[in-house]
Amino acid sequence: MDLLPNSAPLATKLRNTLIRYHGIGESEWRVAKRTKDATVWRKPSEEFNGYLYKAQGVVEDVTNRIVDHIRPGPYRLDWDSLMTTMDIMETFEENCCVMRYTTAGQLWNIIAPREFVDFSYTTSYEDGLLTCGISLDYGEVRPNFVRGFNHPCGWFCVPLKNYPSHSLLTGYIQTELRGMLPQSAVDTAMSSTLANFYSDLKKALKT
């Protein structure tokens, strides 16, 4: 088990990594799923033997309220159908924290419940916000859970030009679920999870 890292350099490195992902050209992405709420693309990850996923869609709300529903805090558990528990383990200055959360089983429990411990950081980006995270090898694994690992991931949320009450939400996710799983099952689950994330978020923002 590792000690907690120094938050400031980790936050800077994480932000720079996400901005680099945000600059990857369209030709490198392959469409994985389209719904009325979002499009999901993927490309091979540089971090592990899996995919980096990109999701994008327009959400009818202001940037701050959307990000408040995504980042660690009281809203996320209420609407995210995949997340079953969330605890803030440590809080740092400048919108940094370490959280532990668990997810439900997926694909008729082919993918068993997972547990993650993530460093999370929220910061300004252009006219909007970036909330990002990366997993840490920290804390004991709970019984009946497999410890998953999130390589650098995050959500950019910026107001639409000429429509400030609408925001463009773009996510980059590369989750290593670990355990003995067929890659096809992981790919199906990730694409569907990201598409459902947008529809669930939109419903939550309307309530």
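All residue numbers refer to position in the chain's written sequence, counted from 1. Local features in a predicted model are, by the rule used here, given only for residues with pLDDT of at least 70; side-chain atom pairs are given and counted only at 80 or more, and totals for whole chains, interfaces and linings are based on all residues. Side-chain metrics rest on all non-hydrogen atoms present in the structure, leaving aside hydrogens and water.

Comments concerning the pattern of salt bridges
What makes a salt bridge here is a side-chain nitrogen of Lys or Arg within 4 Å of a carboxyl oxygen of Asp or Glu, nothing more. In total, this model carries twelve salt bridges according to the counting rule given. Here Asp68 and Arg71 are joined by a salt bridge, their closest N and O atoms 2.7 Å apart. Within the structure, one salt-bridge network assembled from shared partners comprises Asp87, Arg100, Glu115, Arg142 and Arg147.

Here's the deal with the packing of aromatic side chains
When we look at a pair of aromatic rings, we describe it by the centre distance and by the angle of the planes. Ring pairs shown here join Phe, Tyr and Trp side chains whose ring centres sit within 6.5 Å, with only the six-membered ring taken for Trp; geometry is labelled stacked below 30 degrees between planes, edge-to-face above 60, and tilted in between. Per the stated rule, a full pass over the model turns up eleven aromatic pairs. Consider the rings of Trp79 and Phe197, whose centres lie 5.1 Å apart with planes at 70°: the pair is edge-to-face. Here Trp79 is found in helix α3 (residues 76-79), whereas its partner Phe197 is found in helix α4 (residues 183-206), with 118 residues between them in sequence. Burial here depends on accessible area, computed with a 1.4 Å probe over protein chains only, as a share of the maximum for the residue type. Under 20% is buried, over 50% is exposed, and the range in between is partly exposed. Here Trp79 falls in the buried class, since its relative accessible area comes to 9%. With 6.3 Å between their ring centres and 70° between their planes, Phe197 and Tyr198 make a pair best called edge-to-face. Each member of the pair, Phe197 as well as Tyr198, is classed as buried. Aromatic ring contacts, followed pair by pair, group Tyr21, Trp29, Tyr125, Phe156 and Tyr172 into a single cluster. In this scheme, the term charge over a ring applies when either NZ of a lysine or CZ of an arginine sits within 6 Å of the ring centre and within 35 degrees of the ring normal. In this structure, Arg42 is placed above the aromatic ring of Tyr51, and the distance from its NZ or CZ to the ring centre is 4.1 Å. The ring of Trp41 is capped by Lys54, whose NZ or CZ atom sits 5.2 Å from the centre of that ring. Comment: elements are numbered from the N terminus, with helices defined as DSSP H or I runs of at least four residues and strands as E runs of at least two.

Remarks on the side chain of Thr103
As for its placement among the helices and strands, Thr103 is situated in strand β5 (residues 96-103). Discounting residues that sit within four places of it in the chain, Thr103 has contacts with Leu82, Met83, Thr84, Pro113, Arg114, Phe116 and Phe145. Here, residues are in contact when the closest pair of their heavy atoms is within 4.5 Å.

Some thoughts on the pairing of β5
Every regular strand shows the same layout, with side chains that alternate between the two sheet faces. Burial analysis of β5 places eight of its eight residues in the buried class, which makes it a mostly covered element. Along β5, one buried face is formed by Cys96, Val98, Arg100 and Thr102 and the opposite face, lined by Cys97, Met99, Tyr101 and Thr103, is buried too. For two strands to be treated as a pair, DSSP must find no fewer than two bridges joining them. Strand direction decides the pairing type here: strand β4 (residues 83-92) and β5, joined by eight bridges, are antiparallel. Bridge pairing in β5 links Thr91 to Cys97.

Quick look at the nonpolar core
The biggest cluster of nonpolar side chains holds 31 residues, and the ones touching the most others in it are Ile66, Trp155, Leu169, Tyr198 and Leu201. If you list the elements that add at least two residues to this core, you get β3 (51-59), α2 (63-70), β4, β5, β10 (153-160), β11 (163-173) and α4. No other element matches α4, which puts nine residues into this core. The contact partners of Trp155, leaving out residues within four places of it in the chain, are Ile70, Leu129, Leu130, Thr131, Leu169, Thr170, Gly171, Ile173, Leu194, Phe197 and Tyr198. Of all hydrophobic cores here, the second largest spans 23 residues; its members include Cys96, Tyr121, Leu136 and Tyr172. Throughout this description, the term nonpolar core refers to a set of buried Ala, Val, Leu, Ile, Met, Phe, Trp, Tyr and Cys residues connected via side-chain atoms within 4.5 Å.

Some remarks on helix α1 (residues 7-22)
To estimate how far a helix should extend, the number of its residues minus one is multiplied by 1.5 Å. Here α1 contains 16 residues, and its C-alpha end-to-end distance of 22 Å stays within 8% of the 22 Å for a straight helix at 1.5 Å per residue. Considered for burial, the residues of α1 that qualify are Ser7, Leu10, Ala11, Leu14, Thr17, Leu18 and Tyr21. Axial view of α1: buried residues confined to an arc of 130°, hence all on one face. Definition of a polar contact: a pair of N or O atoms within 3.5 Å, with one able to donate and the other able to accept a hydrogen when the atoms are protein atoms, and with sequence-neighbouring residues admitted only if both atoms are side-chain atoms. At the N-terminal boundary of α1, the capping side chain belongs to Asn6, with an oxygen 3.5 Å from the backbone nitrogen of Ala8. Directions drawn from the helix axis to the C-beta atoms are what define this arc.

Geometric values such as these leave the question of function open.
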